[in-house]
Structures are given as structure tokens and as C-alpha cells.
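# Residue-level structural notes
So the chains spell out like this:
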Amino acid sequence: MDLFELLLLAVGLSMDAFAVSVCKGLGMREINVKVAVVLGLFFGGFQALMPTIGWALGSQFLWLIAPIDHWIAFGLLAFIGGKMLWDAAHESEDDDGADGTDAEKIDLREYLMLAVATSIDALAVGISLAALSVNIVAAASFIGVITFGFTLAGVAVGHYFGSRYQKPATIVGSCVLIFIGAKILVQHLFL
């Protein structure tokens, strides 16, 4: 696998993380660099960790996780998207956001669920990398760095649009998360 192929792989794997980080940015009144960096570390870290785990396990345990990986991703993304919809629907009209929004707070449990949900497909990629005899440390590091960068960019893009249209943007963002989860599920069940 050459560098260009690895770059395409890294960009492809980081797209779900980018979409989710756009959703997080949508809810920010001001860009919170600390939140963006922590989210980037979670997403980049898990995008690097999962192919490493897949590479280490090889195809020995693929039969165990492959039948349910799409359900796990769907469940986590649908749960978080549903929570965002619930919060947007129950936000009081006179809430001026003086305390900040949920997107501006670091929620490690939520970040962990999002990172796992968006990186499960990288587990299977790791198995493929093992079959190709790829240097997993270099490949996983590259994937993690690219995902980190896409996450920061996603938060910035989301903030740009979200600061202008916060409540509708939050609703759209939560629907996007649910859609990503449904897409993963449909791809695995029917395609």
C-alpha cells in the first residue's frame, strides 16, 4: 500500500468523524478549542486504535464482531442523535445560552460512544492491513492524525453554520447522526 492509497483510506475512515464533529460544531455559540481538540483526540485516537486492534486480532475474531458491528454503530449514533433532538425540542425559548450549550461542554462518555461508533469500520480495515503486511504503527498513526485534522475542520465548519442558525442546525445535526447510523445499518444488512 503506497502513501496515496493510505491517504485515501485515512480520509475515507475520517468522514464519519468529520460529519459528527460538524454536528458538535453546530451547537457551539463560540468555537471552543479545548472541546474541538479533545473531540479530535478521541476520534483520531480511536481511528488509530481500531485498525491496530483489527490488525492484532487478524481474522481470528472477526466472526464474533462482524455480525453485530453495524448494530453497535447504529445504536450509539441513534441514541446520541435522539438525545440531541430531545434537548433541542425541550430547550426553553427564553434560554439565552449564558451557561453554554451541551456542545460546548466536554462529555467524555458521549465522546467515547461517538468515537467507538465512528471507528468500528476501522477494525475491519485493520484486518485487511494485516493481510497486506502493512506497517500498522505508521498506518494507524497516519489515520489518527488525518482524522484529528478532519475533526477540527468539522467543528469549525459546524460552528460557522450553527452560530447563525443554532436550533435548526442542532436538529439537522442530530438527524445527520441518526442518518449515519441508519446508513451503516442498511449497508451491512442489504448491500
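Analysis parameters
Residues numbered from 1 in each chain as written. Predicted model: local features only at pLDDT ≥ 70, side-chain atom pairs only at ≥ 80, totals over all residues. Heavy atoms only, no water. Phe/Tyr/Trp six-rings, centres within 6.5 Å; stacked < 30°, edge-to-face > 60°. Helix = DSSP H or I, 4+ residues; strand = E, 2+ residues; numbered from the N terminus. Buried < 20%, exposed > 50% of the residue type's maximum accessible area, 1.4 Å probe, protein only. Contact = heavy atoms within 4.5 Å. Expected span 1.5 Å × (residues − 1). Bend = angle between axes of the 7 residues up to and from the residue. Patch = residues over 30% accessible without salt bridge, like charges linked within 9 Å, V, L, I, M, F, W, Y side chains within 5 Å. Areas by Shrake-Rupley, 256 points an atom, 1.4 Å probe, with all protein chains shown as cover. Salt bridge = Lys/Arg side-chain N within 4 Å of Asp/Glu carboxyl O. Axes fitted to C-alpha atoms, helices over the stretch in contact; angles between N-to-C directions. Parallel < 35°, antiparallel > 145°, perpendicular 65-115°, else oblique. Left-handed = near helix turned anticlockwise from the far one by under 90°. Nonpolar A, V, L, I, M, F, W, Y, C, P; charged D, E, K, R; others polar.

## Some words on the packing of aromatic side chains
One pass over the structure, following the stated rule, counts 2 aromatic pairs. Arranged with centres 6.0 Å apart and planes meeting at 85 degrees, the rings of Phe 18 and Phe 150 form a pair that is edge-to-face. Of the two residues, Phe 18 sits in helix α1 (residues 3-26) while Phe 150 sits in helix α6 (residues 136-162), which places them 132 residues apart along the sequence. A relative accessible area of 24% places Phe 18 in the partly exposed class.

## Regarding the side chain of Ser 21
The topology assignment puts Ser 21 in helix α1. Once you skip the residues sitting within four places of it in the chain, Ser 21 turns out to touch Leu 39, Phe 43, Phe 150, Thr 151, Gly 154 and Val 155.

## Some words on α1
Side chains three or four residues apart in an α-helix point the same way, a direct result of the helix having 3.6 residues per turn. End to end, α1 covers 33 Å across 24 residues, agreeing with the expected 34 Å (1.5 Å per residue, within 8%). At Met 15, α1 is deflected by roughly 40 degrees, the largest bend along its length.

## Quick notes on a nonpolar patch on the surface
Side chains of Ile 68, Trp 71, Ile 72, Val 186, Leu 189, Phe 190 and Leu 191 sit close together on the surface and give an oily, nonpolar patch of about 730 Å² of accessible area. Looking at the nonpolar patch, the elements that each hand over two or more residues are α4 (69-89) and α7 (166-190). Looking at which element gives the most residues to the nonpolar patch, the answer is α7, with 3 residues. Tracing the backbone through its elements, the reader meets Val 186 in helix α7. Judged by its relative accessible area of 41%, Val 186 is partly exposed.

## Here we look at the packing of α1 against helix α2 (residues 33-57)
The N-to-C vectors of α1 and α2 enclose an angle of 160 degrees; their axes lie 11 Å apart at closest approach. One way to sum up the angle between α1 and α2 is to call them roughly antiparallel. With respect to the hand of their crossing, α1 and α2 are arranged in right-handed fashion. For the pair α1 and α2, the contacting residues are Leu 13, Ala 17, Val 20, Ser 21 and Lys 24 in the first and Leu 39, Phe 43 and Gln 47 in the second. Classifying every residue of the contact of α1 with α2 gives 5 nonpolar, 2 polar and 1 charged.

## A closer look at the environment of Asp 121
Take Asp 121: it is sitting in helix α5 (residues 108-131). Residue class for Asp 121 comes out partly exposed when judged on its relative accessible area of 33%. Considering only alpha carbons, one finds Asp 121 and Ala 73, 48 residues apart in sequence, at a separation of 9.0 Å. For Asp 121, the residues in contact, after removing those within four places along its chain, are Leu 13 and Asp 16.

## Things to note about the side chain of Ser 14
Positionally, Ser 14 belongs in helix α1. With residues up to four places along the chain from it excluded, the contact list for Ser 14 reads Ile 146, Thr 147 and Phe 150.

Coordinates in, geometry out; function isn't part of it.
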